[in-house]
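In case you want the letters, here they are:
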Amino acid sequence: GRRDLVLQLMLDRGQISEDVFREAARSEPGLRRQPERTRSGRYFVDFVARQLVAEHGRGVLDNGLAVFTTLDMRLQRAAEDAVQKGLERLESYYPRLTQGESPLQAALVALEPRTGQILAMVGGRDYGTTQFNRAVWALRQPGSSFKPIVALAALSQPRDVDSDAAFTEITIRGALERSLNVPFARLGMEIGPQRIAGTAHRLGIQSQLHLVPSLALGSSEVTPLEMARAFGVFAAAGYRADLNTTIGVLDRSGDVLRRLTRTGEQAFAPAEVYLVTSALQGAVERGTGRGLRSMGFREPVAAKSGTTNDFRDAWFIGYTPSISLAVWVGFDDGRSIGLSGSNAALPIFARFLNDAVGRERGDEFAVPSGLEVVEVNQETGLLAGPGCRGEAEVFLQGTAPTTSCSRYWSPRRSYSSDRDRWYDRLVRPLIAELRRSLQRGGN
């Protein structure tokens, strides 16, 4: 009876719909066990408290509050376990990491892309030792994990980019998958640091970004929370959700001080963002993130590693269709850890996702309209044809190459095998002649 009364009051106040009311009223009431008291999520609790003080004044915490947060305790425990075991693993393999005055640290933050709700947050290896929240406050260079933002800056306005000058060496997919610096340095010089910084800010990064050429290679400092939010925009097909930490806050009298509001805006076209997602999926399958598959994670995922100068910072950032995740590993004093993002941060990323999402294959990333898929020769960037093989590539509608690489074919070009050479020289012309014969009615 009390359950039905609460439901009726919620319906009267417009907090639930008629359908939700009827479904809940028909359900069988059950007993819910009192949750075990936990000391998990203490970095997140501090973060929420800071937000409440900023909004309502310091005295708000003295009057007694009921705070309902977005934290998912199952995911939070998985995050803390991944960080703890990941750091212990690194230190057991590399005992030199235990030397020095400050211990090796890590930060992890996971959020729901469409709602901006923070689901898990770890600000360091031991809250009792240091309460500094590295997930929120630590400004560190993102290195190569910043390259997807540079790619989006170029791809969101492709007609302004001189494609011949920017991509004659390699496709943007290949440069992202292999995390090559030279193509991104050239691309950054062409589109300019102003556009790169503007794209980063539209993705939700609020830290100051220095308008220098090295910005394209991730030289400006950002926080793990900012990077998780930026990659969450990719996961949400270009929608930038405002961050949320609380579902509701009640004062001692039961009055609502704060209620969840889902706000945000469509910052980029879904087709533009999907180009980056497609390339980052390739980074997991063939590039610097391929270790994720060897650790057992099978769900569709797009991700990028990041390593800074002298191996001071190790990053691995990525997303599934339902969760965006950033992991950072390093020392507080900035000394080198001597490991790349794929070696230091990826195992923590993989352990968390295996526990949080599971190992079974889930939903694919939705493919938006406004795209076209054509066969492109990877050596020339032109349409595949007789004499030059190709692979399927995704383009914004109207931006795919229109010239075939066949006109540039030379008998001196290299072939990957004798089979390719004979196929191009003999079989393709026969197939073409057969098609022409059939069209004329021959046999």
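What you see is a predicted model; the values in this text were computed from it and never measured. Chains are numbered independently. Their residues run from 1 in the order of the written sequence. Where totals are concerned, whole chains, interfaces and linings use all residues; where local detail is concerned, this predicted model gives features only for residues with pLDDT of at least 70, and gives and counts side-chain atom pairs only at 80 or more. Excluding hydrogens and water, the side-chain figures rest on all heavy atoms present in the structure.

Engineer: Please clarify how the overall build of the protein should be interpreted in this entry.
Structural biologist: Helix and strand definitions here come from DSSP, where helices need a minimum of 4 consecutive H or I residues and strands a minimum of 2 consecutive E residues; each element is numbered from the N-terminal end. Across its full length, the protein carries 15 helices and twelve strands. Counting all 443 residues of the protein, 48% fall into the buried class. For the protein, long-range pairs separated by at least 24 residues make up 66% of all intrachain contacts whose partners lie at least 6 apart in sequence. Using a 1.4 Å probe on the protein chains alone, a residue whose accessible area is under 20% of its type maximum counts as buried, one over 50% counts as exposed, and one in between counts as partly exposed. When checking whether two residues touch, look at their non-hydrogen atoms; a contact exists if any pair is within 4.5 Å.

Engineer: Honestly, the packing of aromatic side chains in this entry has me stumped. Any pointers?
Structural biologist: Given two aromatic rings, one states the distance between the centres and the angle between the planes to describe the pair. Note on ring pairs: Phe, Tyr and Trp rings are taken, using the six-membered ring of Trp, and paired if centres are within 6.5 Å. Classes follow the plane angle, with under 30 degrees stacked, over 60 edge-to-face and the rest tilted. The final tally for this structure, using the stated rule, is seven aromatic pairs. Plain terms: the ring middles of Phe231 and Tyr319 are 6.2 Å apart, the flat faces sit at 70° to each other, and that makes the pair edge-to-face. Pair noted here: Phe231 is in helix H10 (residues 224-235) and Tyr319 is in strand E9 (residues 313-319), with a separation of 88 residues, a long-range link. Residue class for Phe231 comes out buried when judged on its relative accessible area of 0%. Counting every residue linked through ring pairs, the aromatic cluster contains Phe231, Phe234, Tyr319 and Phe365. We call a charge positioned over a ring when the NZ of a Lys or the CZ of an Arg lies within 6 Å of the ring centre and within 35 degrees of the ring normal. Its guanidinium or amino end placed over the ring of Phe268, Arg202 lies 3.9 Å from that ring's centre, counting from NZ or CZ. Taking the ring centre of Phe331 as reference, the NZ or CZ of Arg335 above it sits at 3.6 Å.

Engineer: Can you help me understand the side chain of Ser102 in this one?
Structural biologist: Here Ser102 lies in the loop between helix H4 (73-93) and strand E2 (105-111). Under the relative-accessibility criterion, Ser102 is labelled buried at 17%. Pairs of N or O atoms within 3.5 Å make up the polar contacts considered here, provided that, within protein, one atom can donate a hydrogen while the other can accept it, and that residues adjacent in sequence are counted only when both atoms are side-chain atoms. In this structure the side chain of Ser102 is engaged in a polar contact, spanning 3.3 Å, whose partner is the side chain of Asp333. Within the structure, Ser102 has its side chain in polar contact with the side chain of Arg335 (distance 3.1 Å). Apart from the residues lying within four places of it in its own chain, the contact partners of Ser102 are Phe331, Asp333 and Arg335.

Engineer: How do you make sense of the pattern of salt bridges when you look at a structure like this?
Structural biologist: One side chain can pair with another of opposite charge once the charged atoms of both are near each other. What counts as a salt bridge is simple: a side-chain nitrogen of Lys or Arg found within 4 Å of a carboxyl oxygen of Asp or Glu. Here the structure, examined in full by the defined rule, presents 15 salt bridges. One network of salt bridges, with partners in common, ties together Arg173, Glu177, Arg286 and Glu393.

Engineer: Please explain the sheet that holds strand E1 (residues 66-69) as it appears in this structure.
Structural biologist: Sheet strands pair via backbone hydrogen bonds, and the direction of the pair is either parallel or antiparallel. Judged by pairing direction, the sheet is antiparallel, and its three strands sit side by side in the order E1-E5-E6 without closing on themselves. Edge positions in the open sheet fall to E1 and strand E6 (256-259), since each of these has one partner strand only. On average, adjacent strands in this sheet sit at an angle of 5° to one another, irrespective of strand direction. A pair of strands is considered paired only if DSSP assigns at least 2 bridges between the two. Two strands pair when backbone bridges link them, and strand E5 (residues 246-250) and E6 are joined in this way by three bridges, in the antiparallel orientation. Fitted lines through C-alpha atoms serve as axes, helices being fitted only where they are in contact, and the angles separating the N-to-C directions of these axes extend from 0 to 180 degrees.

Engineer: Sorry, what's going on with helix H9 (residues 193-202) here?
Structural biologist: Every α-helical turn comprises 3.6 residues, leaving residues that sit three or four positions apart pointing alike. Every buried residue of H9 is accounted for by Pro193, Arg195, Ile196, Ala197, Thr199 and Ala200. The positive-phi residue at the C-terminal boundary of H9 is Gly204, with phi of around 110°.

Engineer: I tried to follow the environment of Val357 on my own but got confused; where do I start?
Structural biologist: Assignment of secondary structure puts Val357 in the loop between helix H14 (346-356) and strand E11 (371-376). A residue is classified by how much of its surface remains accessible, and Val357, at 28% relative accessible area, is partly exposed. C-alpha of Val357 to C-alpha of Ile323: the two residues are 34 residues apart in sequence and 8.7 Å apart in space. When residues no more than four places from it in sequence are discounted, the contact partners of Val357 are Phe297, Glu299 and Ile323.

Engineer: Whenever I open this one, the state of the cysteines confuses me. Can you help?
Structural biologist: Note on terminology: disulfide describes a covalent bond linking the sulfur atoms of two cysteines. Note on terminology: pairs of cysteine sulfur atoms within 2.5 Å are recorded as disulfides. Counting across every chain of the model gives one disulfide. A sulfur-sulfur distance of 1.8 Å marks the disulfide that ties Cys388 to Cys405. Measuring the twist about the S-S bond at about 90°, one finds the Cys388-Cys405 disulfide to be right-handed. One end of the pair, Cys388, is in the loop between E11 and strand E12 (391-396); the other, Cys405, is in the loop between E12 and helix H15 (418-439), and 17 residues separate them in sequence. Residue class for Cys388 comes out buried when judged on its relative accessible area of 4%. With a relative accessible area of 2%, Cys405 lands in the buried category.

Engineer: So what exactly am I meant to see when it comes to the packing of helix H5 (residues 147-155) against helix H8 (residues 181-191) here?
Structural biologist: If you want to describe how two helices pack, look at the angle between their axes and the distance between the axes. Taken N-terminus to C-terminus, the directions of H5 and H8 make an angle of 45°; their axes are 10 Å apart at the nearest point. Regarding the angle of H5 to H8, the classification is oblique. Handedness of the H5/H8 crossing: left-handed. Side by side, H5 and H8 meet where Lys147, Val150, Ala151, Ala153 and Ala154 of the first sit next to Asn181, Phe184, Leu187 and Ile191 of the second. Residues are grouped as follows: nonpolar covers Ala, Val, Leu, Ile, Met, Phe, Trp, Tyr, Cys and Pro; charged covers Asp, Glu, Lys and Arg; every other residue, Gly included, is treated as polar. Residues of the contact of H5 with H8, tallied by class, amount to seven nonpolar, one polar and one charged. If an angle is under 35 degrees, it is roughly parallel; if it is over 145, roughly antiparallel; if it lies from 65 to 115, roughly perpendicular; otherwise it is oblique. By definition, any crossing whose near helix is turned counterclockwise from its far helix by less than a right angle is left-handed, and any crossing with a clockwise turn is right-handed.

Engineer: How do you make sense of the pairing of strand E10 (residues 324-330) when you look at a structure like this?
Structural biologist: Sheet faces and side chains relate simply in a regular strand, where the side chains alternate between the two faces. A large share of E10 lies buried, amounting to seven of its seven residues. Judged by which residues are buried, E10 turns out to be covered on both faces: Ser324, Ala326, Trp328 and Gly330 on one side and Leu325, Val327 and Val329 on the other are all buried. In this structure, E2 lies alongside E10, joined through seven bridges in antiparallel fashion. Pairing of Leu111 across the sheet is with Ser324, part of E10.

Engineer: Explain the side chain of Thr308 here, please?
Structural biologist: Relative to the assigned elements, Thr308 resides in the loop between strand E8 (302-307) and E9. A residue is classified by how much of its surface remains accessible, and Thr308, at 8% relative accessible area, is buried. Setting aside residues up to four positions removed in sequence, Thr308 forms contacts with Gln141, Pro142, Gly143 and Asp313.

Engineer: Can you walk me through the sheet that holds E9 in this structure?
Structural biologist: Read from one edge of the open sheet, five strands run E3-E2-E10-E9-E8, paired in antiparallel fashion. Looking at which strands have only one partner, the edges of the open sheet turn out to be strand E3 (118-122) and E8. The mean inter-strand angle of the sheet, taken between neighbouring strand axes irrespective of direction, is 5°.

Engineer: I tried to follow the confidence of the model for the protein on my own but got confused; where do I start?
Structural biologist: Low pLDDT means the predicted coordinates in that region are not meant to be read closely. The predictor reports its confidence for every residue as pLDDT, a score running from 0 up to 100. Of the residues in the protein, 87% reach a pLDDT of 70 or more, and the chain-wide mean stands at 88. Contacts for the low-pLDDT stretch residues 411-419, under 50 throughout, to residues beyond four places or in other chains number twelve contacts.

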